[in-house]
Amino acid sequence: MTRPSWAPPGIDLDRPSGSRVYDYFLGGMHNFEIDRQLADQISALSPQVGETMRANRKMLRRCVRFLTEAGITQFLDIGSGIPTVGNVHEIAQDRNPDAKVLYVDIDPVAVAHSEAILQDNPNAAIIQADFCDPDTILSHPEAQRLLDFSKPIAVLILGVIHFVPDEANPAVSVARLRDAVAHGSYLAIVHATQDGQPPEVLEAQKLSGRTSTEINLRTGEQISEYFDGLTMVEPGLVHLPLWRPDSPEDVGEHPELTGAYGGVGQKN
Ligand SMILES: C[S@@+](CC[C@H](N)C(=O)[O-])C[C@H]1O[C@@H](n2cnc3c(N)ncnc32)[C@H](O)[C@@H]1O
């Protein structure tokens, strides 16, 4: 296929990407036919997977609102994705125009679109970097310009760590980030799980192997370890709709069928 004008040169147009499949599930425009085909196959196997992705984005919004209300003015959003409705800087800067947001993503489409929407925003930026290389993120000139590491920062890693295999030691990256931030900082994580999931969801999740970033499902117990040494904010690590829902409609009838856990911990 020919490369659309919004797609940066050099990207593989014949292979679906996790960020573009997610964009399609959220109703975004920055995806290719190959991404839509995979998303439709996943939906045919299990409509629940798309629901989980939408629940992830809703949790992101509630989480950023909670953090701004808790007084957080700096956000490090790793694996931030292709900008869509309710981006972190929009929510945070709505309450506090001086709030600082550094986005990080490995995907060139996510980076190109974020650069475009942030060009007139001096308090937010995107860098292309890998969660597995936290030192490059922490020492990046944009991180040093935007973030004051002597003051509390919210580190957001939502819907990302499940793309990282055990061999790449995601727990080590998370620990490095936890160590780098000041007391009073928060860590928010959403991570896909196999806990309580019917077999068709697991089949659908396996299809992610067609992208360059296959999903690694982990148990609630494994995901809890990323919060080592932190105090969990109520209600702890829970299925996404159960994390501080705005209304009973947010929760639905079977929140446990959402194939991901979410939680927020604070460094005391
Ligand atoms: C499902 S999207 C989540 C987007 C956003 N965090 C949200 O919750 O709505 C996952 C994003 O993580 C990015 N990603 C995956 N592996 C990554 C890595 N190792 N380092 C940085 N970003 C990564 C993908 O490119 C994609 O944009």
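These numbers come from a predicted model, not from an experiment. (Residues numbered from 1 in each chain as written. Predicted model: local features only at pLDDT ≥ 70, side-chain atom pairs only at ≥ 80, totals over all residues. Heavy atoms only, no water.)

> Now, about the packing of helix 1 (residues 18–25) against helix 2 (residues 33–45): what can you tell me, with residues and values included?
The contact between helix 1 and helix 2 brings their axes to 9 Å, and the two run at 65 degrees. Compared by their axis directions, helix 1 and helix 2 come out roughly perpendicular. Between helix 1 and helix 2 lies a crossing of right-handed hand. Contacts between helix 1 and helix 2 pair Arg-20, Val-21, Tyr-24 and Phe-25 from the former with Ile-34, Asp-35, Arg-36, Leu-38, Ala-39, Asp-40, Ile-42 and Ser-43 from the latter. Of the residues in the contact of helix 1 with helix 2, the class split is 7 nonpolar, 1 polar and 4 charged. (Axes fitted to C-alpha atoms, helices over the stretch in contact; angles between N-to-C directions. Helix = DSSP H or I, 4+ residues; strand = E, 2+ residues; numbered from the N terminus. Parallel < 35°, antiparallel > 145°, perpendicular 65-115°, else oblique. Left-handed = near helix turned anticlockwise from the far one by under 90°. Contact = heavy atoms within 4.5 Å. Nonpolar A, V, L, I, M, F, W, Y, C, P; charged D, E, K, R; others polar.)

> Give a detailed account of helix 8 (residues 170–180), specifying residues and quantitative values.
Looking only at helix 8, the buried set comprises Pro-170, Ser-173, Val-174, Leu-177 and Arg-178. Projected onto a plane normal to the axis of helix 8, the buried residues spread over an arc of 140 degrees and lie on a single side. Pointing more than 90 degrees away from the buried face of helix 8 are the exposed residues Val-172 and Asp-179. Its buried side turned inward, helix 8 meets strand 1 (74–78), helix 6 (134–139), strand 4 (154–158) and strand 5 (186–192). (Buried < 20%, exposed > 50% of the residue type's maximum accessible area, 1.4 Å probe, protein only. Arc of directions from axis to C-beta.)

> Residue-level account of the side chain of Thr-84, with values.
Mapped onto the elements, Thr-84 comes out in the loop between strand 1 and helix 4 (88–95). Judged by its relative accessible area of 15%, Thr-84 is buried. Discounting chain neighbours no more than four positions away, the residues touching Thr-84 are Leu-26, Arg-57 and Glu-90.

> Outline helix 2, listing residues and values.
With 13 residues, helix 2 ought to run about 18 Å at 1.5 Å a step, and its terminal C-alpha atoms sit 18 Å apart, in line with that. Looking only at helix 2, the buried set comprises Asp-35, Leu-38, Ala-39 and Ile-42. Projected down its long axis, helix 2 carries its buried residues within an arc of 100 degrees, all on one side. (Expected span 1.5 Å × (residues − 1).)

> Describe the site of the ligand, and please don't skip the residues or the numbers.
Residues in close proximity to the ligand total 17 residues, the closest being Tyr-22, Arg-57, Gly-79, Asp-105 and Asp-130. In this structure, Asp-130 approaches the ligand through a side-chain N or O atom, which is 2.8 Å from a nitrogen atom. Here Leu-158 contributes a backbone N or O atom positioned 2.8 Å from a nitrogen atom of the ligand. Burial of the ligand by the surrounding chains reaches 95%, relative to a free accessible area of 600 Å². Breaking the shell around the ligand down by element, the ones donating at least two residues are helix 1 and helix 3 (47–69). Its residues assigned to classes, the shell around the ligand shows 7 nonpolar, 6 polar and 4 charged. (Near = heavy atom within 4 Å. Polar contact = N/O pair within 3.5 Å; in protein donor to acceptor, adjacent residues only side chain to side chain. Areas by Shrake-Rupley, 256 points an atom, 1.4 Å probe, with all protein chains shown as cover.)

> Explain the environment of Leu-237 to me, using residue names and the numbers behind them.
Within the secondary structure, Leu-237 is located in the loop between strand 6 (231–232) and strand 7 (238–239). Through-space distance from the C-alpha of Leu-237 to that of Ala-154 is 17 Å; in sequence the pair is 83 residues apart.

> Report on the packing of aromatic side chains, specifying residues and quantitative values.
Scanning the model with the defined rule gives 2 aromatic pairs in all. Ring centres of Phe-66 and Tyr-186 lie 6.1 Å apart, and the angle between their planes is 85 degrees; on these two criteria the pair is classed as edge-to-face. Residue Phe-66 is found in helix 3, and its partner Tyr-186 is found in strand 5; the two are separated by 120 residues along the sequence. No difference in accessibility class separates Phe-66 from Tyr-186, as the two residues are buried. Where Phe-66 meets Trp-243, the ring centres are 5.7 Å apart and the plane angle is 90 degrees; that geometry is what we call edge-to-face. Here Phe-66, found in helix 3, pairs with Trp-243, found in the loop between strand 7 and helix 11 (248–251); they are 177 residues apart in sequence, far enough to count as distant. Classification of Phe-66 as buried rests on a relative accessible area of 18%. (Phe/Tyr/Trp six-rings, centres within 6.5 Å; stacked < 30°, edge-to-face > 60°.)

> Go over the pattern of salt bridges with me, naming the residues and quoting the values.
All told, the structure shown has 8 salt bridges when counted by the stated rule. Across the pair Glu-51 and Arg-54 runs a salt bridge whose closest N-O atoms are separated by 3.1 Å. Residue Glu-51 and its partner Arg-54 are both found in helix 3; the two are separated by 3 residues, about one turn of the helix. For Arg-54, a relative accessible area of 32% translates into the label partly exposed. Put simply, Lys-151 and Asp-148 hold a salt bridge, and the shortest N to O gap is 3.3 Å. Overall, Asp-148 belongs to the partly exposed group, its relative accessible area being 30%. (Salt bridge = Lys/Arg side-chain N within 4 Å of Asp/Glu carboxyl O.)

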